[in-house]
Amino acid sequence: MVDYHAANQSYQYGPSSGGNGAGGGGGMGDYMAQEDDWDRDLLLDPAWEKQQRKTFTAWCNSHLRKAGTQIENIDEDFRDGLKLMLLLEVISGERLPKPERGKMRVHKINNVNKALDFIASKGVKLVSIGAEEIVDGNAKMTLGMIWTIILRFAIQDISVEETSAKEGLLLWCQRKTAPYKNVNVQNFHISWKDGLAFNALIHRHRPELIEYDKLRKDDPVTNLNNAFEVAEKYLDIPKMLDAEDIVNTARPDEKAIMTYVSSFYHAFSGAQKAETAANRICKVLAVNQENEHLMEDYERLASDLLEWIRRTIPWLEDRVPQKTIQEMQQKLEDFRDYRRVHKPPKVQEKCQLEINFNTLQTKLRLSNRPAFMPSEGRMVSDINNGWQHLEQAEKGYEEWLLNEIRRLERLDHLAEKFRQKASIHEAWTDGKEAMLKHRDYETATLSDIKALIRKHEAFESDLAAHQDRVEQIAAIAQELNELDYYDSHNVNTRCQKICDQWDALGSLTHSRREALEKTEKQLETIDQLHLEYAKRAAPFNNWMESAMEDLQDMFIVHTIEEIEGLISAHDQFKSTLPDADREREAILAIHKEAQRIAESNHIKLSGSNPYTTVTPQIINSKWEKVQQLVPKRDRALLEEQSKQQSNEHLRRQFSSQANVVGPWIQTKMEEIGRISIEMNGTLEDQLSHLKQYERSIVDYKPNLDLLEQQHQLIQEALIFDNKHTNYTMEHVRVGWEQLLTTIARTINEVENQILTRDAKGISQEQMQEFRASFNHFDKDHGGALGPEEFKACLISLGYDVENDRQGDAEFNRIMSVVDPNHSGLVTFQAFIDFMSRETTDTDTADQVIASFKVLAGDKNFITAEELRRELPPDQAEYCIARMAPYQGPDAVPGALDYKSFSTALYGESDL
C-alpha cells in the first residue's frame, strides 16, 4: 500500500477555486492556479467527462478492493457517504468517525460531511463543494471532489529534485522516458496519445514485460492496449481508460492521464522501496543467523568441556588408599597418562572457547546487538571456576599419591622389621615358660641348687637384656597402627601375644627366684668360672645377636647424604670388631680355664655350663656369622651409594634444563605484556609480529618435551625432591599453559580490534590515538582502566563527566555500556567499541520496523505470503517461525507482528 500520510499543508481545491493555495515549493498551488474551471471543462468537451468518470472510477476501485468492495457508478455509489468514508480510510490509513447507518437524506448528508471534514482536516480548502450536491448525485461536484482527493493523496507527495505535484510527476516521466526514441513527454495530454510513453515507463522498470523495439508510433491503439493490459496483469494497475477514448479525442483529459500516470509512479516507487527494505532485512537477518550459529557452537563446546571437568574432578578427588605400593604406582601411572594424553587437548579447547566467545561478543557489538549471555552455568567465569577447581584437585591428587607411596614404603619397612624382631624374640622365649615352671630344685643337691640359683641369675640378666627388644616390638606395632597399616589386626594380635608372654615370663621368673632363695642357705659350692662365663657370655651373645640383626636390617634412603651416613655408621661398627674379638677370646679363655681346673682336679662336669645355654660353639658360630654379614653389608651399602649417585645425576640433569626453561617462560610472559601495551605500527603489523612471536614460542616446545622426559626418569626413580632448582615440572607446565593462553588471547584482541576498525571505518591514526589515550591513563600497564582512570580519560577526550549530578549520571550510563558485567575494569576492546559507536552509525530497530512496514503495504502487520514474496526463502521462513501473531484491532487471519520481532533482534524485548 502506498504511503499517503504527507505534510500537513494548506491547499485550496474546488471547481471554482481559481488556483488559490500554497504548497511545498509552490508546485501544488501553482498547478491549481493554472487549472481550467470545472464548469468549462465539462461544458466544452463531454468526452473529457467520460474519460474522468472511467479513470476516477477505476482509481477508486483500485483502493476500495483492499476493503473488499467497489463502485459501479461514481455519481450514485458515493451518495450515502459510506463508501466515500471507506475510500478515505483506505488511502489515508486513518479511522474516520463512525458513519450513520440510516437511509434518510439527513443521514447521508451527515456521512458526506464527515468525509468532507476529514478532507479539509488534511489542509485542503474545499470551495463550492457541499454535501447536498454529492447526495443529490451532482456529477460535476462528485468528479471535482474525487479529483481533489486524487490530488491530495496521490499526486501532492510526488517530489523530484525540489519539484512536486504535477511538475514533479512530469519531471519523473521525462527522466524515465528520456532514453526512448519517439517519446517526448511535455504534458499530460497530447504526449501520451500514441501510447509509447506508457510502454516506455513499463519497459524502463520491467524490461522483461515489454518488447519496446517492436512497437510502432503509427499504431497508437495497439500500443495503448499493450501498455494497459501489461500494467493490469503484472503491475496490479487497473485499466482506467480505453485506447479508443484517448486516440479519438483531439486532446485527452489531463486529469485522467495524470491519475493514470500517478498509479505507474506509485507502483514503481513502491517496488523500489520494497527491494530496499528487503535488502535491509536480509542483511539484518543474515547477521542474526550467523550470531545464533556462533552462540549454539559456544553452548555445545562449553557443555562438553564442563561435562569433562565434572567427570574428571571426582576421579582426582578420590583419596581411597591402596594396600600395596604396586597398586599406588599404577594410580600414579594413570595420573601421568591423564597429564600427558587427556588434559592437553582440553587446554586447547578451553583457550579456543574463550577466543570464540570474545569474537562473538565483538560481532554482536559491531552489529548493534546485545551482548551474548550464555545459559546458566556455562559462562566463561563458570568454565574458569571449574578449571581452577580441576587444577586444585589435580595438584592435591599428585601430592597425595606421592605421600601415600612414601607411607606404604615406610609401612613395608616397619612391618618387615616387626616380623624379624618378633621372630627372634619368639625363638628366644621358646621353652622359657617350661623351664621356669620346672621344679627340679626340689630333688637337687646343694651344689645343684647353687647352680640353679646362678643359672637363674644369668637368665634374669638375659631377660633384662631382652626388655629393650620387647619395647621395640611394641613401639613398631604402635607406629604401624598410627600409619593405618592394612594388616594391623595380625600385627596387634602377635604383639599382644608377645607382651602377654613377656608378662608371664616376668611373673614366673619372680616366683622361681623366691623358691631358689628359700634353699639358698643350703648352697655351698658354686662354680665361679661357670658363673663368670655365663655372665660375660650372655651379654656378648646378645651383642652378637643385635649385630646380626643390625647387619641384616633393611634400609631406605633418598639422598646421597643419607647413604653416606649409613656407611659412616657401618665403618664405626667395624672399628669395634677388634675389641669384640678380644672379648670373645677372653670368654672362651674362661671356659678353657674351667675345663683345665676340672681335668687337673679330676672333676667330672656335666658337659654343659649349668648357668647358661650359650656354649663356646654358639659364640664361635655367631661370630662367624657376624664376620660373613659384614662384607655383605658393605656390598649392599655400596650398591645403594651407586644408586643415589645416579639419582643425584638425574636431579642435576633436570635442574639444569628447568633453570633454563623456567626463566625463558617468565621472560616471554613479560615481553608479551610489554607488546600488548606498546602495540607499535599498524594492527596488521602487530598481528603479524604477534603470530611470529607465537611461532617462536611453539618452536620452543621441544625444550619442554626434553624436560618432560627428564622428569619422567626422575618419577620412575621415585625421586621426590631436588635441591638444585626451585622449578618443579608442575610450575613449568602451568607457566607454559599460561604463556600459550596469553599469546593466543593477545592475538585475538588484535584481531577483534581489526574487526572493529574495519566494521566501523576507523582509521589507523584513530586507532593509534585510542591506544595512546588508553595507555596514558593505564598507569599500572595492566591492560584495563579502573573507573577513576576511565573518567579521567573521558574528560581528556571532551566528555562532560565532572563530579556533579548530571556528570555522574552520564558517567554511570557510559560505564554500563563499557562494563555490562560490573567488573570494575574497562578493557581496551570495550574502550574502542565505545569510541567507535560514538563516531559511526548502525542499523536500528526503528529502521528495521520501517522496512517491514514498507513490505507490509503500510499495514501494522505482515502475512507469511508477503514475507515469502519479498524475502529469500530461508530468511522468510526464519521470520515466519519467530514472529508472534498480531493482536491489534485490525488483525486478520495469519497476521504476524513484525514490530516486536524487530525490537527483539536488538535486545529491546523478548522474542
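Residues numbered from 1 in each chain as written. Predicted model: local features only at pLDDT ≥ 70, side-chain atom pairs only at ≥ 80, totals over all residues. Heavy atoms only, no water.

Under an unreviewed UniProt entry, the name given to the protein chain is Alpha-actinin-4, and the organism recorded is Marmota monax. Reading the Sequence similarities (unreviewed entry) entry of the UniProt record for the protein chain gives the comment "Belongs to the alpha-actinin family." (UniProt positions renumbered as here; feature names shortened; annotations may be inferred.)

Caption draft 1: Geometry of the overall build of the protein chain. Along the backbone of the protein chain there are 32 helices and eight strands. Expressed as a percentage of the 911 residues in the protein chain, the buried residues total 47%. Here the analysis covers contacts within the protein chain between residues at least 6 apart in sequence; of these, 74% occur between residues at least 24 apart. (Helix = DSSP H or I, 4+ residues; strand = E, 2+ residues; numbered from the N terminus. Buried < 20%, exposed > 50% of the residue type's maximum accessible area, 1.4 Å probe, protein only. Contact = heavy atoms within 4.5 Å.)

Caption draft 2: Structural detail: the confidence of the model for the protein chain. Confidence along the protein chain averages 80 in pLDDT terms, with 88% of residues attaining 70 or more. Low pLDDT, under 50, characterises residues 1-44; the predicted model gives this stretch 107 contacts beyond four residues in sequence or across chains. Note on residues 522-526: pLDDT is under 50 here. Beyond four places in sequence and across chains, it has 14 contacts. (pLDDT = per-residue confidence, 0-100.)

Caption draft 3: Up close: the packing of aromatic side chains. Tallied over the entire structure, the rule returns 25 aromatic pairs. Centre to centre, the rings of phenylalanine 540 and tryptophan 543 are 5.7 Å apart; their planes meet at 25 degrees, and the pair counts as stacked. Taken together, the positions of phenylalanine 540 and tryptophan 543, both in helix α18 (residues 528-551) and three residues apart, correspond to about one turn of that helix. Classification of phenylalanine 540 as buried rests on a relative accessible area of 5%. Tryptophan 543 sits in the partly exposed class, given a relative accessible area of 28%. When the ring of phenylalanine 852 is compared with that of phenylalanine 901, the centres are 6.1 Å apart and the planes differ by 80 degrees; the resulting orientation is edge-to-face. With phenylalanine 852 in helix α29 (residues 845-855) and phenylalanine 901 in helix α32 (residues 898-905), this residue pair connects regions lying 49 residues apart in the sequence. For the pair phenylalanine 852 and phenylalanine 901, a shared accessibility class is recorded, and that class is buried. (Phe/Tyr/Trp six-rings, centres within 6.5 Å; stacked < 30°, edge-to-face > 60°.)

Caption draft 4: Focus on helix α27 (residues 805-818). Here α27 spans 20 Å end to end across 14 residues, near enough to the 20 Å set by a 1.5 Å rise per residue. Looking only at α27, the buried set comprises Gly807, Phe811, Ile814, Met815 and Val818. Buried positions in α27, seen along its axis, are confined to an arc of 105 degrees and lie on one side of it. Those residues of α27 that are exposed and aimed more than 90 degrees away from the buried face are Arg805, Gln806 and Asn812. (Expected span 1.5 Å × (residues − 1). Arc of directions from axis to C-beta.)

Caption draft 5: Quick peek at the nonpolar core. The biggest cluster of nonpolar side chains holds 78 residues, and the ones touching the most others in it are Ile149, Trp192, Ile202 and Phe264. The element that contributes the greatest number of residues to this core is helix α7 (residues 139-155), accounting for 11 residues. Beyond its immediate chain neighbours, meaning those up to four positions away, isoleucine 202 contacts Pro207, Leu209, Ile210, Ala227, Val230, Ala231, Leu235, Phe264 and Phe268. Residues Ile754, Cys793, Leu794 and Tyr799 belong to the second largest nonpolar core, which totals 48 residues. (Core = buried A, V, L, I, M, F, W, Y, C linked by side-chain atoms within 4.5 Å.)

Caption draft 6: Representation of the pattern of salt bridges. The full count for this structure, using the stated rule, is 50 salt bridges. When the shortest N-O distance is used, the salt bridge between arginine 53 and glutamate 49 registers 3.4 Å. Of this pair, arginine 53 and glutamate 49 both sit in helix α3 (residues 46-64), four residues apart, roughly one helical turn. In this structure, the salt-bridge partner of glutamate 751 is lysine 691, at a minimum N-O distance of 3.9 Å. (Salt bridge = Lys/Arg side-chain N within 4 Å of Asp/Glu carboxyl O.)

Caption draft 7: Representation of helix α19 (residues 560-575) within the structure. In this model, α19 (16 residues) spans 23 Å end to end at C-alpha, consistent with the 22 Å of a helix rising 1.5 Å per residue. Among the residues of α19, Ile560, Ile563, Ile567 and His570 are the ones counted as buried. Projection of α19 onto a plane perpendicular to its axis shows the buried side chains occupying an angular sector of 90 degrees, all on one side.

Caption draft 8: Broad picture of the packing of helix α8 (residues 165-177) against helix α9 (residues 196-205). Where α8 contacts α9, the axes come no closer than 9 Å and their chain directions differ by 70 degrees. The angle between the axes of α8 and α9 places the two elements in the roughly perpendicular class. Seen along the crossing, α8 lies across α9 with a hand that is left-handed. Residues Trp172, Cys173, Arg175, Lys176 and Thr177 of α8 lie in contact with α9, whose contacting residues are Ala197, Ala200, Leu201, Arg204 and His205. (Axes fitted to C-alpha atoms, helices over the stretch in contact; angles between N-to-C directions. Parallel < 35°, antiparallel > 145°, perpendicular 65-115°, else oblique. Left-handed = near helix turned anticlockwise from the far one by under 90°.)

Caption draft 9: Main features of unusual backbone geometry. Its identity is not glycine, yet aspartate 236 carries a phi of approximately 60 degrees, on the positive side. Tracing the backbone shows aspartate 236 in the loop between α10 (220-234) and α11 (243-247). In this structure, histidine 822 takes a positive phi of about 55 degrees despite not being glycine. With respect to the helices, strands and loops of the structure, histidine 822 is situated in the loop between α27 and β6 (826-827). In this structure histidine 822 comes out as exposed when scored by relative accessible area, which is 67%.

Caption draft 10: Here's a closer look at the packing of helix α26 (residues 787-796) against α27. In the contact formed by α26 and α27, the axes pass within 11 Å of each other and the chain directions differ by 110 degrees. Between α26 and α27, the crossing angle belongs to the class labelled roughly perpendicular. Between α26 and α27 the crossing geometry is right-handed. Side by side, α26 and α27 meet where Pro787, Phe790, Lys791 and Leu794 of the first sit next to Asp808, Phe811, Ile814, Met815 and Val818 of the second. Of the residues that constitute the contact of α26 with α27, the class distribution is seven nonpolar, no polar and two charged. (Nonpolar A, V, L, I, M, F, W, Y, C, P; charged D, E, K, R; others polar.)

Caption draft 11: View of the environment of isoleucine 560. Take isoleucine 560: it is sitting in helix α19. Separated by 86 residues in sequence, isoleucine 560 and serine 646 have C-alpha atoms that sit 9.6 Å apart. Aside from chain neighbours lying at most four places away, what touches isoleucine 560 is Gln641, Gln644 and Gln645.

Caption draft 12: Geometry of the side chain of threonine 863. Note on placement: threonine 863 falls in the loop between α29 and α30 (864-870). Overall, threonine 863 belongs to the buried group, its relative accessible area being 19%.

Caption draft 13: Representation of the environment of leucine 215. Mapping leucine 215 onto the fold places it in the loop between α9 and α10. On a C-alpha basis, the gap between leucine 215 and asparagine 199 in space is 8.8 Å, while along the polypeptide they are 16 residues apart. With residues near it in sequence (within four places) discarded, leucine 215 still touches Leu196, Asn199, Ile210, Asn223 and Asn226.

Caption draft 14: Expanded view of the state of the cysteines. For the structure shown, the criterion picks out zero disulfides. Free cysteine: cysteine 499, not disulfide-bonded; nearest cysteine sulfur from cysteine 495 at 4.1 Å. (Disulfide = S-S within 2.5 Å.)

Caption draft 15: Geometry of the environment of asparagine 748. Structurally, asparagine 748 can be placed in helix α24 (residues 729-760). For the pair asparagine 748 and isoleucine 355, spaced 393 residues apart in sequence, the C-alpha to C-alpha distance is 6.3 Å. Those residues in contact with asparagine 748 that lie beyond four places of it in its chain are Ile355, Asn358 and Thr359.

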